[in-house]
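Chain and residue survey
Here is what each chain is made of, one letter per residue.
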Amino acid sequence: MQTQLRLIRYFGWVFLLIFGWNPCYSQNLEINAAVEVETESAYHMRVGDSKELAKTLALFEAKRVAVDIAGRYLSRKSLIEFYERKREEIYNLAADIIELRILEEKWIPIAEGLRVFVRIKSYVHPSDFITAEITNLQLEKDEARESFREEMEPQIIKTTNPGFDLAKAYRFMRLGKWRVSVIYLDRLEKKYPNWGAVFLAKCHSYYGLHEFPQMKEALEKACDLNNSEACDDLKKLKRVDEHDFSL
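Right, let's walk through the structure included here. A quick note: this is a predicted structure, and the numbers were derived from the prediction, not measured.

**Some remarks on the pattern of salt bridges**
- Counted under the stated rule, the structure contains 20 salt bridges.
- Of the charged contacts, one joins Arg119 and Glu38 as a salt bridge, the two residues approaching to 3.4 Å between their closest N and O atoms. Of this pair, Arg119 sits in strand S3 (residues 113-124) while Glu38 sits in strand S1 (residues 35-44), placing them 81 residues apart in sequence.
- On the accessibility criterion, Glu38 (47% relative accessible area) is partly exposed.
- Notably, a salt bridge pairs Glu104 with Lys106, separated by 3.7 Å at the nearest N-O pair.
- Since its relative accessible area comes to 26%, Glu104 is described here as partly exposed.
- Each of Glu38, Glu104, Lys106 and Arg119 takes part in a single network of salt bridges with overlapping partners.

**So, the state of the cysteines**
- Under the counting rule described, the total for this entry stands at one disulfide.
- Between the sulfur atoms of Cys223 and its disulfide mate Cys231 the distance is 2.1 Å. Looking down the S-S bond of the Cys223 and Cys231 bridge, the torsion is 105°, so its handedness is right-handed.

**Observations regarding the nonpolar core**
- Counting residues in each nonpolar core, the largest one holds 47 residues, and the members touching the most others are Val67, Leu74, Tyr91, Phe129, Leu185, Tyr192 and Trp195.
- Looking at this core, the elements that each hand over two or more residues are S1, helix H3 (51-76), helix H4 (87-97), S3, helix H5 (126-144), helix H7 (162-174), helix H8 (178-191) and helix H9 (196-208).
- Among the elements that make up this core, the one with the highest residue count is H3 (eleven residues).
- Discounting residues that sit within four places of it in the chain, Leu74 has contacts with Ala33, Val35, Leu79, Ile80, Val124, His125, Pro126 and Phe129.
- Counting 14 residues, the second largest nonpolar core, distinct from the first, contains Cys203, Ala218, Ala222 and Val240.

**Let's talk about the layout of surface pockets**
- In this structure, the largest pocket occupies an estimated 520 Å³ of space.
- Along the wall of the largest pocket there are 26 residues; nearest its centre are Glu61, Ala197, Asn227, Ser228 and Glu229.
- Taken together, the elements giving at least two residues each to the lining of the largest pocket come down to S1, H3, H4, H7, H9 and helix H11 (228-236).
- Taken together, the residues that form the lining of the largest pocket break down as ten nonpolar, nine polar and seven charged.

**With respect to unusual backbone geometry**
- For Ser78, which is not glycine, the phi torsion reads 60° and is therefore positive.
- For Ser78, the location among the structural elements is in the loop between H3 and H4.
- Residues other than glycine seldom take positive phi values, yet His210 does so here, at roughly 60°.
- Looking at where His210 falls in the secondary structure, it is placed in the loop between H9 and helix H10 (212-224).

**Quick look at the sheet that holds S3**
- The three strands lie next to each other as S1-S3-S2, forming an open sheet whose pairing is antiparallel. Two strands lie at the open edges of the sheet, namely S1 and strand S2 (99-110), each paired on one side alone. Pairs of neighbouring strands in the sheet enclose a mean axial angle of 15°, with direction left out of account.
- In this fold H3 packs onto S1, S2 and S3, with an angle of close to 145° to the strand it touches most, S1.

Scoring rules and cut-offs
Residues numbered from 1 in each chain as written. Predicted model: local features only at pLDDT ≥ 70, side-chain atom pairs only at ≥ 80, totals over all residues. Heavy atoms only, no water. Salt bridge = Lys/Arg side-chain N within 4 Å of Asp/Glu carboxyl O. Helix = DSSP H or I, 4+ residues; strand = E, 2+ residues; numbered from the N terminus. Buried < 20%, exposed > 50% of the residue type's maximum accessible area, 1.4 Å probe, protein only. Disulfide = S-S within 2.5 Å. Core = buried A, V, L, I, M, F, W, Y, C linked by side-chain atoms within 4.5 Å. Contact = heavy atoms within 4.5 Å. 1 Å grid on protein atoms, 1.4 Å probe; cavity = no way out; pocket = protein on both sides within 12 Å on 5 of 7 lines; lining within 4 Å. Points joined across faces, edges and corners; volume = space filled by probe spheres on them. Nonpolar A, V, L, I, M, F, W, Y, C, P; charged D, E, K, R; others polar. Pairing = 2+ DSSP bridges. Axes fitted to C-alpha atoms, helices over the stretch in contact; angles between N-to-C directions.

Structure (structure tokens):
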């Protein structure tokens, strides 16, 4: 997967050079536009988690925050697009591939087991978003060729690429394949049993299906797993459409 992403990144820049970009200008733009960010994250290990998985998800969450921050500034300078409905897909894919340096890593005993804390420095380039956009487009084309049976029985890759895995769920949602997204997330939950982002995505899928009790349950589960966005939504979200969502 990483080799594929590197090839896509390479050919993406070849495309820009062929169509009139000055190499020196492109290199300088990439260096000058890079956003350097320090972020941190923590992941609580629970039953079903390994230390390797816990660290991977903690690092991914820290990288995803870095991508969010860099994206705001790069898009305001028109160096990348706003992406709108594709944002979750592209930002998750970009978080998988950005450069990082671990500044701090701590394993803290807690009542439930272990809590891993990481602090990282990330270097986010406009080309990271270009790579993610090209990857997302190719994956969407590949998935469009899948049969109905393949959609209803989605395969989960064994390698741990959180952004790649989560982006697929949001592609299904954008295309209005809400039920397929739920089925896919049910399977993804077995790979990441205690990752709040999976349950937050499932909440969004249930909302698309107008299945509000399931939506609330998924949101509560995401919050229980320390997803801050889900917890914030639980505090503030009182009504959804015509259904009472009072907590």
